[in-house]
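# Structural description and commentary
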Amino acid sequence: GAVVSQHPSRVICKSGTSVKIECRSLDFQATTMFWYRQFPKKSLMLMATSNEGSKATYEQGVEKDKFLINHASLTLSTLTVTSAHPEDSSFYICSARNLRQGAYEQYFGPGTRLTVT
Amino acid sequence: DAKTTQPTSMDCAEGRAANLPCNHSTISGNEYVYWYRQIHSQGPQYIIHGLKNNETNEMASLIITEDRKSSTLILPHATLRDTAVYYCIVRVREETSGSRLTFGEGTQLTVNP
């Protein structure tokens, strides 16, 4: 099946520092990857859509200079939270679209729990 | 993408069928119905999708009404591990820059022993 991994699964960082989260499609090529965030007891909120080799498209209200997204290859996308603050603490989930299945289904990573102290 | 309406929560006894409803009265002709679920603190898991015919796979069955304004996800023999938030999403099924999954609030299904 289509497997998406994320690293790290949990990260704690100090306020003002930056943290990078990796998202990899392990057994398929993904031209499109998506980044979501989820606050406790809330639904997933799409942050940005990332196409390989192109700049990411950010949803309204998401600061592109704060959440840097790089999608340099068909199997890797990274999200960097710059100058993190406690309000950035959240569950970050990536998703990739599977080309081999006609690029229609999105498969999700296990998520990364970010805590900013 | 069309909006969906789901009950906030449902309970089901272990071993019984769980029937999760979803209303999507504004669905367009080219929009598919997708179901995902999210177990606590994990990423969403794809379950099933359909256009107008009923669908079945190893996880569940999807029943779509003839007018396509509503659907029901059926877990035939619910287990404790099926406790999760279930999301019903409608979207266009094509590779376009605007085609992506938008999540509503979903239904919290609790399977009881």
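Throughout what follows, the structure given in this document is the object of discussion. (Residues numbered from 1 in each chain as written. Chains lettered and ligands numbered in written order. Predicted model: local features only at pLDDT ≥ 70, side-chain atom pairs only at ≥ 80, totals over all residues. Heavy atoms only, no water.)

### Re the overall build of chain A
Rules: Each helix is a run of DSSP H or I of at least 4 residues and each strand a run of E of at least 2, with the numbering of both proceeding from the N terminus. Here the radius of gyration uses the C-alpha set of atoms, whereas the globule reference equals 2.2 Å times the residue count to the power 0.38. Note on contacts: a residue pair qualifies if any of its non-hydrogen atoms lie within 4.5 Å across the two residues. Only the protein chains shown count as cover for residues, with accessible areas throughout obtained via the Shrake-Rupley method and a probe of 1.4 Å.
Helix and strand counts for chain A stand at zero helices and eleven strands. Starting at the N terminus, the α and β elements of chain A follow one another as β-β-β-β-β-β-β-β-β-β-β. On C-alpha atoms alone, chain A measures out to a radius of gyration of 13 Å, which is about the 13 Å that the 2.2 N^0.38 rule sets for 117 residues. Along the three orthogonal principal directions, the C-alpha set of chain A runs to about 40 × 25 × 20 Å. When contacts within chain A are restricted to residue pairs at least 6 apart in sequence, long-range pairs at least 24 apart make up 55% of them. Surface exposure of chain A reaches about 5,600 Å², of which carbon and sulfur atoms provide 52%.

### Observations concerning the packing of aromatic side chains
Rules: Only Phe, Tyr and Trp rings take part, Trp by its six-membered ring, and two of them pair if their centres are within 6.5 Å. Stacked means planes under 30 degrees apart, edge-to-face means over 60, and tilted covers everything else. Each residue gets one of three labels from its accessible area relative to the maximum for its type: buried under 20%, exposed over 50%, partly exposed in between, using a 1.4 Å probe on protein chains only.
Scanning the model with the defined rule gives nine aromatic pairs over all chains in all. Between the aromatic rings of F108 of chain A and F103 of chain B, the centroid separation amounts to 5.6 Å while the plane-to-plane angle is 75°, which identifies the pairing as edge-to-face. Of the two residues, F108 of chain A is situated in strand β10 (residues 106-108) and F103 of chain B in the loop between β8 (84-92) and β9 (107-112); the pairing between them involves two chains. Since its relative accessible area comes to 9%, F103 of chain B is described here as buried. Ring geometry for Y36 of chain B versus F103 of chain B: centroids 6.2 Å apart, planes at 70°, classification edge-to-face.

### So, the environment of N112 of chain B
Residues and elements named next belong to chain B. Rule in force here: Under the rule applied, a polar contact is a pair of N or O atoms within 3.5 Å (in protein, one hydrogen donor and one hydrogen acceptor; residues adjacent in sequence only if both atoms are side-chain atoms).
Locating N112 in the fold gives a position in strand β9. On a C-alpha basis, the gap between N112 and E14 in space is 5.6 Å, while along the polypeptide they are 98 residues apart. At a separation of 3.0 Å, a polar atom in the side chain of N112 contacts the side chain of D11.

### Structural notes on the pattern of salt bridges
Short version of the rule: Here, a salt bridge means any Lys or Arg side-chain nitrogen found within 4 Å of an Asp or Glu carboxyl oxygen.
This structure, assessed with the given rule, holds three salt bridges over all chains. One salt bridge connects D88 of chain A with K66 of chain A, and the closest N-O pair in it is separated by 2.9 Å. On the criterion of sequence distance, the pair formed by D88 of chain A in the loop between β8 (76-81) and β9 (90-97) and K66 of chain A in the loop between β6 (57-58) and β7 (67-73) is long-range, its members being 22 residues apart. The exposure classification of D88 of chain A matches that of K66 of chain A, with both residues buried. The residue D82 of chain B makes a salt bridge to R37 of chain B at a minimum N-O spacing of 2.8 Å. Remark: R37 of chain B occurs in strand β3 (residues 31-38) and D82 of chain B occurs in the loop between β7 (70-75) and β8; sequence separation between them is 45 residues. The same class applies to D82 of chain B and to R37 of chain B, which are both buried.

These figures come from the coordinates and say nothing about function on their own.
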